[in-house]
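Next come the chains, spelled out residue by residue.
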Amino acid sequence: MKMPIPDYLQEILDHVRDEDGGEVADYIPELAEADPDRLAIALCTASGHVYEAGPDADVEYTIQSISKPFVFALALQELGPEAVLDVVGLEPSGEAFNELSLDDNDKRPVNPMINAGAIAVNQLINGEDSSVEDRVEKIRDLFSRLAGRELHIDAELSASELEGADRNLSIAHMLRSYDIIKDDAHDAVLSYTHQCSTLVTTRDLSVMSATLANGGTQPVTGERILSAEACRLTLAVMSSAGMYDGAGRWMAGVGIPAKSGVAGGLIGTLPGQLGIATFSPRLDTQGNSVRGVKIFEYLSRDMGLHLMSSDQHSVPGVRSITRDGDQTIIRLQGTINFTAAENILHQLTTHNLGGEELVLDVSRVTSFNRMGRRMVKEGLRLLREGGFECAIYDPEGVVTDLEFSDGTTADTVDSF
Ligand code: GLN
């Protein structure tokens, strides 16, 4: 059986392909030259299965602000929350990413997702006395382990950003004047800019995001990289501040902790389930990718991913796969959402299914969400195409709609 997920992702890209609103970022000269039409999506499950679509899924671009949550998580892990929260707050700012602002009361940057907060957090890595080089290397090493491959820094892009970094330099001076950072302002911005200039692909970002979803264990390599507590705190801040002044609307409409970058990347992290990444360089006025936001809005609705929706349970999906003579019996259980359905399809593709007859027992399924139902039915249709005689045992009628994507109908049995 062939996994239907890449085709589904491709359909989503087709949905937004013609949307040409927004502009590529041009305050960093090298970014202004980016191809605005690039488009990619990748998705990585907490079990480490990666799916991607789009001609540009393996194109490298700079991580930019998507670096911020990961460096925040590293700082939390290295120093503990108390020391980190001494220099940065946890409140949404409702301001632009490069705003020159501090909390009125305690004079800290309001959160680690805006530049002021991210520059302060960058300075915590590898200790106060670290050289820029060692600090950047530590961050590059973290990103590489999160992506599961050696990543590199685009030094040219970093230099091009530094030439016009007056805004970030003034933020660093402001941080120094309040004793939040100790380094020379130029060095602080150099270190932060290098962090932002790490080259990643959309696939890398989906795996990095899935590591946060997975409580810090990289789901493909199996390496434990971050603590579960650091991931939880990071996701909390992403949900309230990851989309800057668009964060409230984003959480209401999409409902997935997220972080955008000005090179056009966008990640979404669904705790316990998924990391998703998109790439499309044209940005809206808040600096978020126009088509990326559209893709996430669509995905959230179609796949039932909104964190505040009631069908948000992660369950194994498959209760058992057994064999009785010529019959293979697949018993499902629990709530079948996208992640449960992916797990079911994955087991069906890897399991050596014997016999000629297949019964899908859904009597223990409490509910299907729309995407879960669609995927399980598609799996059944493909198994039928592959030569199995398939039937559903559904005494409670939880499947509700037995029509397959090709217009034919699933067979049912009353007993087996
Ligand atoms: N390096 C960029 C900056 O500091 C990152 C901003 C972003 O991606 N939103 O301006």
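Residues numbered from 1 in each chain as written. Predicted model: local features only at pLDDT ≥ 70, side-chain atom pairs only at ≥ 80, totals over all residues. Heavy atoms only, no water.

### Some details on the overall build of the protein chain
Here comes step 1: Scanning the protein chain from terminus to terminus reveals 15 helices and 11 strands.
Here comes step 2: Relative to its length of 416 residues, the protein chain is compact, with a C-alpha radius of gyration of 23 Å against a globular reference of 22 Å.
Here comes step 3: By principal-axis analysis of the C-alpha atoms, the protein chain measures approximately 75 × 45 × 35 Å.
Here comes step 4: In the protein chain, buried positions account for 58% of the 416 residues.
Here comes step 5: A separation of at least 24 residues holds for 69% of the contacts in the protein chain among residues at least 6 apart in sequence.
Here comes step 6: Surface exposure of the protein chain reaches about 16,400 Å², of which carbon and sulfur atoms provide 45%.
Here comes step 7: Separation between the mean location of the 33 positive side-chain charges and that of the 65 negative ones in the protein chain comes to 4 Å. (Helix = DSSP H or I, 4+ residues; strand = E, 2+ residues; numbered from the N terminus. Rg over C-alpha atoms; globule rule 2.2 N^0.38 Å. Buried < 20%, exposed > 50% of the residue type's maximum accessible area, 1.4 Å probe, protein only. Contact = heavy atoms within 4.5 Å. Areas by Shrake-Rupley, 256 points an atom, 1.4 Å probe, with all protein chains shown as cover. Lys, Arg positive; Asp, Glu negative; His and termini not counted. Charge placed at Lys NZ, Arg CZ, Asp CG, Glu CD.)

### Side note on the UniProt feature "domain: STAS" (unreviewed entry) in the protein chain
Here comes step 1: The positions UniProt marks with the feature "domain: STAS" (unreviewed entry) are residues 329–416.
Here comes step 2: Across residues 329–416, helical content stands at 33% and strand content at 28%; the span's end C-alpha atoms are separated by 9 Å. (UniProt positions renumbered as here; feature names shortened; annotations may be inferred.)

### As for the packing of helix 5 (residues 115–122) against helix 8 (residues 166–177)
For any two helices packed against each other, one specifies the crossing angle of their axes together with the interaxial distance.
Here comes step 1: As a packed pair, helix 5 and helix 8 sit with axes 10 Å apart at the nearest point and diverge in direction by 65 degrees. Regarding helix 5 and helix 8, the two cross each other, and that crossing is right-handed. Across the interface between the two elements, N115, A116, I119 and A120 of helix 5 pack against N168, I171, M174 and L175 of helix 8.
Here comes step 2: Among the residues forming the contact of helix 5 with helix 8, the class breakdown is six nonpolar, two polar and no charged. (Axes fitted to C-alpha atoms, helices over the stretch in contact; angles between N-to-C directions. Left-handed = near helix turned anticlockwise from the far one by under 90°. Nonpolar A, V, L, I, M, F, W, Y, C, P; charged D, E, K, R; others polar.)

### Looking at the pattern of salt bridges
Here comes step 1: Overall, the coordinates contain 24 salt bridges when judged by the stated rule.
Here comes step 2: Salt-bridge contacts for R282 lead to D37; the nearest nitrogen and oxygen are separated by 3.3 Å. With a gap of 245 residues between them, R282 in the loop between strand 7 (274–279) and helix 13 (290–303) and D37 in the loop between helix 2 (29–32) and strand 1 (40–45) connect regions that are remote in the sequence.
Here comes step 3: Exposure remark for R282: the relative accessible area of 11% places this residue in the buried category.
Here comes step 4: Note that R381 and E378 form a salt bridge whose closest N and O atoms lie 2.8 Å from each other. (Salt bridge = Lys/Arg side-chain N within 4 Å of Asp/Glu carboxyl O.)

### Quick word on the nonpolar core
Here comes step 1: One finds F70, F143, L205 and M208 to be the most contacted residues of the largest nonpolar core, which totals 73 residues.
Here comes step 2: With near-sequence residues (within four places) excluded, F143 lies in contact with I63, S67, F70, V71, L151, Q195, T198 and M208.
Here comes step 3: Ranked by size, the runner-up nonpolar core spans 58 residues in total, among them V16, M251, I295 and A410. (Core = buried A, V, L, I, M, F, W, Y, C linked by side-chain atoms within 4.5 Å.)

### As for a negative patch on the surface
Here comes step 1: Together, D326, E356, E357, E389 and D411 give the surface a local cluster of negative charge.
Here comes step 2: Considering the arrangement of structural elements, one finds E357 in strand 10 (residues 357–368). (Patch = residues over 30% accessible without salt bridge, like charges linked within 9 Å, V, L, I, M, F, W, Y side chains within 5 Å.)

### Focus: the site of the ligand
Here comes step 1: Taken together, Y27, Q64, S65, F97, N115, E161, N168, Y192, C196, Y244, G261 and V262 make up the full set of residues near the ligand.
Here comes step 2: Note that an oxygen atom of the ligand is positioned 2.9 Å from one of the backbone N or O atoms of V262.
Here comes step 3: Summarising the interface, the protein chains cover 99% of the accessible area of the ligand, which totals 300 Å² for the free molecule.
Here comes step 4: A class-by-class count of the residues in the shell around the ligand yields six nonpolar, five polar and one charged. (Near = heavy atom within 4 Å. Polar contact = N/O pair within 3.5 Å; in protein donor to acceptor, adjacent residues only side chain to side chain.)

### A few points about helix 13
Here comes step 1: End to end, helix 13 covers 20 Å across 14 residues, agreeing with the expected 20 Å (1.5 Å per residue, within 8%).
Here comes step 2: Burial within helix 13 is extensive, with 10 of its 14 residues counted as buried.
Here comes step 3: Along helix 13, the residues that are buried comprise V290, R291, G292, V293, I295, F296, L299, S300, D302 and M303.
Here comes step 4: Directly beyond the C-terminal end of helix 13, a positive phi value near 70 degrees is found at G304. (Expected span 1.5 Å × (residues − 1).)

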